[in-house]
Amino acid sequence: ENTPAGHLADLTLTLNADLGITGTGELEVIIGQIPVLILDLDGNSNSAPDMEEALNTIDIAFETLTSFPPDLNLYSTIFLCLGVFSQNHSLTSSEGQILADYLNYGGSLYMEGADTWAYDQQTAVHQMFNINGVSDGSADMSIVVGQPGTFTEGMSFNYNGDNSWMDHIEPIAPAFKIFDNQSPLYGTGVAYNDGDYKTIGTSH
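**Student:** Talk me through the sheet that holds strand S5 (residues 75-81); I want residue IDs and the actual numbers.
**Tutor:** Here 9 strands make up an open sheet; going across it, the order is S4-S3-S5-S6-S13-S12-S11-S8-S9 and the pairing mixed. Each of the sheet's edge strands pairs with one partner strand only, and the pair in question is strand S4 (62-65) and strand S9 (156-158). Averaged over all pairs of adjacent strands, the angle between strand axes in this sheet comes to 15°, irrespective of strand direction. By the bridge criterion, 3 bridges tie strand S8 (residues 143-146) to strand S11 (residues 176-181) in an arrangement that is antiparallel. In the strand pairing of S11, Gly146 is matched with Phe179. Packed on one face of the sheet, helix H1 (residues 48-57) meets strand S3 (34-40), S4, S5 and strand S6 (108-112) and runs near 165° to S3. Of the strands in this sheet, S5, S6 and strand S13 (198-202) are in contact with helix H2 (residues 93-104), which crosses S5 at around 145°.

Here it is as structure tokens:
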């Protein structure tokens, strides 16, 4: 019970049976939930390789899949990559409900997608982010900056993706904005702690 969740344990299995039957084997088992699932539905896999590199650097166990697994509750955190037009994935109603059920079970979900917040059909999971999809945006994503007083303060990134046409998003309180496009100014990232689950949504 004191084993950290997600710990990869190496087990040695020894078998002894009647009639002199014996056997040994090695087995790897992850204790508790797997810390991270990278669910890469982006047709161009823009973000997943860098997420994998970062998680390897900080020695966090993860799995990467390109389709929904049978049980999301095997993972304590999900990074969902939906991509940018024209290689993006639009969540179906059933996929949105599966993700909503995961959050209601106490999960943590990061979801990125250039069209998922304002342009695409909204699903049950979208409303759980407390994000207002203001508009479909224009071809003007440039420099993304973190917000003062949040965990992104001091961050700055030059955007260089499939295209620069991103949904404009704003938080619905008590969610809070964590990223803006610098010029023209509009929201691109929102974080929310429901108390039972946690979310981050971005349009890049």
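So much for the structure itself; the text now carries on.
**Student:** Any chance you could break down the packing of aromatic side chains for me, citing the residues and the numbers?
**Tutor:** Aromatic ring pairs are reported here in terms of the distance separating the ring centres and the angle at which the planes meet. What the rule picks out here adds up to 5 aromatic pairs. Judged by centre distance (5.6 Å) and plane angle (45°), the rings of Phe79 and Tyr110 are tilted. Separated by 31 residues along the polypeptide, Phe79 in strand S5 and Tyr110 in strand S6 bring together distant segments of the chain. On the numbers, 6.4 Å between centres and 85° between planes, the contact of Phe151 with Phe176 is edge-to-face. Of the two residues, Phe151 is situated in the loop between S8 and S9 and Phe176 in strand S11; the sequence distance between them amounts to 25 residues. Here Phe176 falls in the partly exposed class, since its relative accessible area comes to 35%.

**Student:** Summarise the pairing of S8; cite the residues concerned and give the values.
**Tutor:** Alignment of S8 against S9, held across 3 bridges, turns out to be antiparallel. Across the sheet, the residue bridging to Ile143 is Asn158, located in S9.

**Student:** An account of the environment of Gln121 is needed here, citing residue identities and associated values.
**Tutor:** Locating Gln121 in the fold gives a position in the loop between S6 and strand S7 (131-135). For Gln121, a relative accessible area of 52% gives the class exposed. Remark: the alpha-carbon pair of Gln121 and Ser183, spanning 62 residues in sequence, is separated by 27 Å.

**Student:** Requested: an account of the pattern of salt bridges, with residues and values cited.
**Tutor:** Taken as a whole and assessed by the stated rule, the structure comprises 2 salt bridges. A salt bridge links Lys177 to Glu170; its shortest N-O distance comes to 3.7 Å. For Lys177, a relative accessible area of 22% puts it in the partly exposed group. The class for Glu170 is partly exposed, based on a relative accessible area of 27%.

Parameters and conventions
- Residues numbered from 1 in each chain as written.
- Predicted model: local features only at pLDDT ≥ 70, side-chain atom pairs only at ≥ 80, totals over all residues.
- Heavy atoms only, no water.
- Pairing = 2+ DSSP bridges.
- Helix = DSSP H or I, 4+ residues; strand = E, 2+ residues; numbered from the N terminus.
- Axes fitted to C-alpha atoms, helices over the stretch in contact; angles between N-to-C directions.
- Contact = heavy atoms within 4.5 Å.
- Phe/Tyr/Trp six-rings, centres within 6.5 Å; stacked < 30°, edge-to-face > 60°.
- Buried < 20%, exposed > 50% of the residue type's maximum accessible area, 1.4 Å probe, protein only.
- Salt bridge = Lys/Arg side-chain N within 4 Å of Asp/Glu carboxyl O.

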